[in-house]
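An overview of the molecular structure
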Amino acid sequence: MTPVPDLLPAVRAVPFVRDLARHGDRPAVLTADGVLSYAELAARVDETARRLGERRRLVLVAGANTVDALVGYLAGLRGGHPVLLVPGGGPAAEALTAAYDPDVVIGPVDGAWTLTERRPGSAHELHPDLALLLSTSGSTGSPKLVRLSAGNLQANAESIAGYLGVRETDRAATSLPLHYCYGLSVVNSHLARGAALVLTDLSVADACFWDLVRTARATSFAGVPYTFDLLDRVGFAAMNLPHLRYVTVAGGRLAPDKVVRYAELGRRTGWDLFVMYGQTEATARMAYLPPDLAPTRPEAIGVPVPGGSFRLAPAPDQPDGVGELVYAGPNVMLGYAERPADLAAGRTVEELHTGDLARRGPDGLYELVGRRSRFAKILGLRVDPQRVEALLAAHDVGAACLGTDDELLVAVAGDAPPRRVRRLVAEEVGLPARAVRVLPVPELPRLASGKVDYPALRALASTPTEAPPAAPRVETAGDDLCRLYAEVLDRTDVTPDRSFVDLGGDSLSYVEMSVRLEQALGQLPPNWHLLPIEALPAPRAGRPRRRRALETSVALRAAAIVLIVGSHIPLFTLTGGAHLLLAVAGFNFARFQLTDTDRRDRLRQIRAGLGRVVLPTTAWIAAMLVVTDQYRLSTLLLVNSLVGPADGRTEWHFWFIEALVYILLAVGALLAVPRMDRLERRFPFGLPVALAGLGLLSRYDLFGLDARYDLPAGVVAFWLFALGWAAARADGVRQRLLVTAAAAVTVPGFFGQPQREALIVAGCALLTWLPTVPSIGPVNRVAGVLAGSSLYIYLTHWQVYPHLRDLPLVALAASLALGIGYAAVVNRAGRWLSRMRSQ
């Protein structure tokens, strides 16, 4: 068999494609169906390259995000054949096929990927340097293509991999199409470094995309500005993505406030945001903004990529310091092609006039200020408004078009239905209909010369028109949810774009909120407490379902407090509830205190959580000091486990409260250290696991003390809190198995009571694996009340059951009732204080 490198020796190869096999058994492509190594990928590429033959031919590849499309693209480059990469199907692909008459087509036929030879040889004269043909930044179905060489592809791949710091251990999720130069640059730069691709055509708005990202341990993904709108909607800020190293954005201008917001999010959670600038004519990238500058210079495109340079060419009617941005570098295209005959041409371009107006700041960073021509890049697609005007004229619609970063404005004179115009433009250009704004006008504004007055049109579009009298506002489902949030959280500033955590929700209010939301919605989505209210499903109508689901943490809190009180009476003996509640406390700490806010906000939330434990506790103990002789000053100050006296009277009543307070103080102090805060964000699962390991030093009495009696309970039982924290952060089967195994190994033997230890292990397992448990409506309501009042029941039951030991069921009911009543008093007092502060 003829070796592939000898097929076309006169043609310059693309090194990163030629060298695929050198990476051996390293993973090259990960999909939902499995893993393809570099050796396996190289073998498939070589086999397809041999099928393409020894004579150079124009190969059209349908650029889908699939292994078959990737192999077809790489095989064309491997064999030295110019590749025309087109969208997977539709009018654009058909138009380019008709315009350029490819010799070979690789794409789906009746659902199966097929290599179709349209002729034995080639109908074209192909320049030796020509390697790839791409549409100009997703332009509007135009036959105008960008001609790229093997040197262009290699240079830009190496440049991008260099400034991003791509490692061979990286795994990039293909969140953009393969036929789009930005998406293709992700493929090229990672293959150039022996890194892996997480290959998918799923949208970032699809939960399955994020499941794949976690399973495959993706370290990066790319987005255009619209991608970040979708990220806002799906609650990206609350996602646990421990392997994510960086996120890139290009394909249009991301609003500076979003740059700052996402840069800060990345800083808090351990990944970098790279703002980039490029065009297909530069193979992909021309500039990038170093991540550390994004918070302070979010409006800038940054500095030239390695190997490239900028200059500012004079532009008429521009202020000093502003000119057209001109780029030079080894990634600048050979030139354009507008017809098949152009494929024989060599280099016709030495530097790239971008058409963008820019200035260079004192810090050396470049900033775009406008466009020389009327071309616009909208949602990552480059649109020619003149071409859209010609399209509409062919449909007898008189129109003038303007583009911004977010939308294409189409001013229409006459009686053409706006909906029809929007559909025509959206289908032809490839923009979503929401990005096409139709503005009906009596006639188009014109200059004295008769040309359309575009500045006047822009001003007309931005001038608010007198609106008709507003119709009465219609109540929406979202209004009902906002009112529910406002009632439960006692807030007057509830808006649909805020989440439960944004509004200061904690583990206590979470119980009531989850039960009432589940009643309203029928089923709660995962991580509902992190989602904006507007992202929640609409309240269901009709007869309520009998079968429901109950949050596992709520069920465990309700069950544990009943077990604690019932065992103290004793109505039964089933101990372990308090230690299980410590694990639940750690679980809720991770969910509500360790939010996606900055370090100061986190500390404020931890302080607030401490206050919600300490204040009602000390208020109750102070009242009991007045009316009974059960407690001492050390009990009131929650230091009994530190200073005693240990006379066996009542000092053990509040060991759980003291342990929880000490633990919250300790972890709050730990996370107040900036380096530890960053470490927790970078390793959200690893840190609590490490802390649990430290906690086991006292659990196994490695200090040489009788730890159970000589150390405070908060020290001895800390490992349970840390395991609950780790359970909340566990992502994937392996991490959940680790938490479960840790509980199963470390809890037995601690008490010497197998039943008690089994209860704690089982509770930890439920907390780790099951977000919800099956239930019914009445059970949910009872569990919600008990879980929400669990702290107060624990505080108060000591003063109830001793007087009713002869009536154990009555003792249990009375203990629960008093705690529930005390919870209501505390909640009402809290709301009153909140109103006083606001006034």
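Residues numbered from 1 in each chain as written. Predicted model: local features only at pLDDT ≥ 70, side-chain atom pairs only at ≥ 80, totals over all residues. Heavy atoms only, no water.

Things to note about the side chain of His81
Here His81 shows up in the loop between helix 3 (67-78) and strand 4 (83-86). By relative accessible area, His81 is classed as buried at 1%. Engagement of the side chain of His81 in a polar contact is seen with the backbone oxygen of Gly53, the distance being 3.3 Å. (Helix = DSSP H or I, 4+ residues; strand = E, 2+ residues; numbered from the N terminus. Buried < 20%, exposed > 50% of the residue type's maximum accessible area, 1.4 Å probe, protein only. Polar contact = N/O pair within 3.5 Å; in protein donor to acceptor, adjacent residues only side chain to side chain.)

Concerning the packing of helix 16 (residues 577-593) against helix 25 (residues 718-729)
Between helix 16 and helix 25, whose axes approach to 6 Å, the crossing angle comes to 45 degrees. Considering the angle they form, helix 16 stands oblique to helix 25. Handedness of the helix 16/helix 25 crossing: right-handed. Every residue of helix 25 that contacts helix 16 at His579, Leu582, Ala583, Ala585, Gly586, Phe587, Phe589, Ala590 and Arg591 is listed here: Leu720, Phe721, Gly724, Trp725, Ala727, Ala728 and Arg729. A per-class count over the contact of helix 16 with helix 25 returns 11 nonpolar, 3 polar and 2 charged. (Axes fitted to C-alpha atoms, helices over the stretch in contact; angles between N-to-C directions. Parallel < 35°, antiparallel > 145°, perpendicular 65-115°, else oblique. Left-handed = near helix turned anticlockwise from the far one by under 90°. Contact = heavy atoms within 4.5 Å. Nonpolar A, V, L, I, M, F, W, Y, C, P; charged D, E, K, R; others polar.)

Describing the nonpolar core
Tyr485, Leu517, Ile657 and Phe721 are the most contacted members of the largest nonpolar core, which has 95 residues in total. For this core, the leading source of residues is helix 20 (residues 655-671), giving 9 residues. Among residues more than four places away in sequence, those in contact with Tyr485 are Asp490, Val494, Ser499, Phe500, Leu503, Met513, Leu517, Trp528, Ile533 and Leu536. Formed by 78 residues, the second largest nonpolar core is a distinct cluster that contains Val71, Leu77, Tyr163 and Val305. (Core = buried A, V, L, I, M, F, W, Y, C linked by side-chain atoms within 4.5 Å.)

Describing the environment of Gly162
Checked against the element boundaries, Gly162 lands in helix 5 (residues 150-164). A residue is classified by how much of its surface remains accessible, and Gly162, at 42% relative accessible area, is partly exposed. Each C-alpha atom of the pair Gly162 and Pro306 lies 7.7 Å from the other, and the pair is 144 residues apart in sequence.

Notes on the side chain of Ser815
With respect to the helices and strands, the residue Ser815 is situated in helix 30 (residues 808-838). In this view, Ser815 contacts Val565, Ile793, Thr796, His797, Val800 and Tyr801; residues no more than four positions away in its chain are not counted.

Focus on the sheet that holds strand 16 (residues 309-313)
Taking strand neighbours across the sheet as the criterion, the 4 strands line up as 16-17-19-20 in an open arrangement whose pairing is antiparallel. Bordering the open sheet on either side are strand 16 and strand 20 (366-371), each of which pairs with just one other strand. On average, adjacent strands in this sheet sit at an angle of 50 degrees to one another, irrespective of strand direction. In this structure, strand 16 lies alongside strand 17 (residues 322-328), joined through 5 bridges in antiparallel fashion. The residue bridging Phe310 from the neighbouring strand is Tyr327, located in strand 17. (Pairing = 2+ DSSP bridges.)

Observations concerning the sheet that holds strand 13 (residues 272-279)
With respect to topology, 9 strands assemble into an open sheet ordered 2-1-10-9-11-12-13-14-15, the strand pairing being mixed. The open sheet terminates on both sides in strands that have one partner only, identified here as strand 2 (34-37) and strand 15 (303-304). Bridge analysis of strand 1 (residues 27-31) against strand 10 (residues 196-198) gives 2 bridges, and the strand direction is parallel. Bridge pairing in strand 10 places Leu30 opposite Val198.

Looking at the pattern of salt bridges
Scanning the entire structure with this criterion turns up 29 salt bridges. In this structure, the salt-bridge partner of Lys258 is Asp232, at a minimum N-O distance of 3.4 Å. Of the two residues, Lys258 sits in helix 9 (residues 256-269) while Asp232 sits in helix 8 (residues 225-233), which places them 26 residues apart along the sequence. A salt bridge links Asp342 to Arg339; the nearest nitrogen and oxygen atoms lie 3.4 Å apart. Given a relative accessible area of 19%, Asp342 falls into the buried group. Three or more residues are tied together by salt bridges with common partners; here these are Arg297, Glu299, Arg359, Asp363 and Glu367. (Salt bridge = Lys/Arg side-chain N within 4 Å of Asp/Glu carboxyl O.)

Some thoughts on the pairing of strand 25 (residues 436-441)
As paired strands, strand 24 (residues 408-413) and strand 25 are joined by 6 bridges and run parallel to one another. Bridge assignment links Leu409 to a residue of strand 25, and that residue is Arg437.

Notes on the confidence of the model for the protein chain
On average, residues of the protein chain score 86 in pLDDT, and 90% of them reach the 70 mark or higher. Across residues 465-476 the pLDDT falls below 50, and counting only partners more than four positions away or on other chains, this stretch makes 3 contacts in the model. (pLDDT = per-residue confidence, 0-100.)

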